[in-house]
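Chain by chain, the residues run as shown.
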Amino acid sequence: MSRSTPRLAVTLGDAAGIGPEIIARALLEHPELRGRLSPIVVGDSGAVRRGVAAVGLDPSAVVTISHPDEATNDPTTIEVLQTGPDLSDVPVGELSAAAGDGAYRFVVEACRLAKEGSVDAIVTPPLNKAAMHLGGHAFPGHTELLAHEFGVKNYSLVLSAGALSIFHLTTHVSLSDAIEGITPARVDGVLRLVHAYASAIGRGAEPIGVAGLNPHAGENGLFGHQDDEILRPAVERAVAAGIPAHGPIAADALIPQAVRGKWNFVVACYHDQGHAPFKAVYGDDGVNITVGLPVVRVSVDHGTAFDIAGRGIAREGSLVLALERAAELAPGWDHVWHAAQASADALQA
């Protein structure tokens, strides 16, 4: 990487939510970040100015630029790459097709900048899935949109706090669809992805705990067949391939053990199996990483919080962590990406 600090595309998220406010606090009240990273907001200057004003800071700190190369990384400013029409009149705290379309557009532009090498990582404040659908873009969320833009098939949403990383077999689908989505190929792919990521960051020998889908990991078939017929054979195949996988292990045992440090790499079967305990324990101290993309993407681990948007009380802690983690991962991400590609190639062989 030729730049002295990683350049981060920070998408605005939903202009009607707390994204503009947490961006304002993170970029203007944490000047220590600027020695480690160079943030550029991909979004709307008017909405960012409104967010800056909401948290009691000076809206004149917002500077509009037309290309990332114009950015100066001045800690007293927020440099915004204007992307599309002005959204400053979008009602705060309400579902809006205009805001949903904007949130989609900001991610697509960030991906374009990453593809051309103008930015080294993408950091995403929250978007609202219902608003994005109102705006005409039927993606379940950030993760799936990013995978689509980069054309990747084997990827995983990863919740991360400290040394702990929780990968997910399924995410933004109904529980019935999640059960259908836990296929042998998907489990094989995610286990290889976990090992690729762990190996790329120098932790490939650490064990991987796979959560059971059903209560008590199926209790020998009493509570469902998937644990014995899908998860257990996938773990055995992984072990045969040199991947230190274990399980399936009852989730109510595995995840508390992981919180206490026994497992640093965990595979959850569905969204709430991973998200609910993670957020209960870590709150603002966690981030969301997408593994399997050619560029670093790190997100906050919370939503748009329409109920408090515009009140200037949203906490920026998760965004600050996301910025720090993206800057930390960006210089070595090629190793993660190449390992993930090798994993995907192995599945197709």
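In the block above lies the structure referred to throughout.
None of these values were measured; they are calculated from a predicted model. (Residues numbered from 1 in each chain as written. Predicted model: local features only at pLDDT ≥ 70, side-chain atom pairs only at ≥ 80, totals over all residues. Heavy atoms only, no water.)

Engineer: Explanation requested: the packing of aromatic side chains in the structure shown.
Structural biologist: Each aromatic ring pair is characterised by the separation of its centres together with the angle its planes make. A full pass over the atoms with the stated rule returns four aromatic pairs. On the basis of an interplanar angle of 45 degrees and a centroid distance of 4.9 Å, the ring pair of F278 and Y282 is categorised as tilted. Here Y282 and F278 lie together in helix α10 (residues 271-282), a separation of four residues that amounts to about one turn. Judged by relative accessible area, which is 1%, F278 ranks as buried. Members of the aromatic cluster, connected to one another through ring pairs, are F167, Y197 and W333. Here the basic side chain of K115 rests over the ring of F150, its NZ or CZ set 5.7 Å away from the ring centre. (Phe/Tyr/Trp six-rings, centres within 6.5 Å; stacked < 30°, edge-to-face > 60°. Helix = DSSP H or I, 4+ residues; strand = E, 2+ residues; numbered from the N terminus. Buried < 20%, exposed > 50% of the residue type's maximum accessible area, 1.4 Å probe, protein only. Lys NZ or Arg CZ within 6 Å of the ring centre and 35° of its normal.)

Engineer: How should I be thinking about the sheet that holds strand β7 (residues 164-168) in this particular structure?
Structural biologist: Adjacent strands of a sheet pair through backbone hydrogen bonds, lying either parallel or antiparallel. Taken in spatial order, the twelve strands make up an open sheet running β3-β4-β2-β1-β5-β12-β11-β6-β7-β10-β8-β9, and their pairing is mixed. If you trace the sheet from one side to the other, it starts and ends with β3 (62-65) and β9 (245-249), each paired once. Pairwise comparison of adjacent strand axes, ignoring direction, gives a mean angle of 30 degrees for this sheet. Both strand β1 (residues 7-11) and strand β5 (residues 121-124) contribute to a ladder of three bridges, which runs parallel. Paired with V10 across the two strands is V123, which belongs to β5. Its contacts with the sheet place helix α7 (residues 184-200) against β6 (156-161), β7, β8 (208-211), β9, β10 (265-268) and β11 (287-291), and it is angled at close to 155 degrees to β7. Contacts between helix α8 (residues 226-240) and the sheet are confined to β8 and β9, with β9 contributing the most and set at about 170 degrees to the helix. (Pairing = 2+ DSSP bridges. Axes fitted to C-alpha atoms, helices over the stretch in contact; angles between N-to-C directions. Contact = heavy atoms within 4.5 Å.)

Engineer: Quick question: what am I supposed to make of the packing of α7 against α8 here?
Structural biologist: The axes of two packed helices give the description: the angle between them and the distance between them. Contact geometry of α7 with α8 gives a least axis separation of 9 Å together with a crossing angle of 40 degrees. Relative to α8, the element α7 is oriented oblique. Crossing geometry of α7 relative to α8 is assigned as right-handed. Every residue of α8 that contacts α7 at P184, V187, D188 and L191 is listed here: I230, L231, A234, V235, R237 and A238. (Parallel < 35°, antiparallel > 145°, perpendicular 65-115°, else oblique. Left-handed = near helix turned anticlockwise from the far one by under 90°.)

Engineer: Would you mind going over the environment of V173 with me for this structure?
Structural biologist: Mapped onto the elements of the fold, V173 is located in the loop between β7 and α6 (175-181). Put simply, V173 and I308 are 135 residues apart on the chain and 26 Å apart in space, counted from C-alpha to C-alpha.

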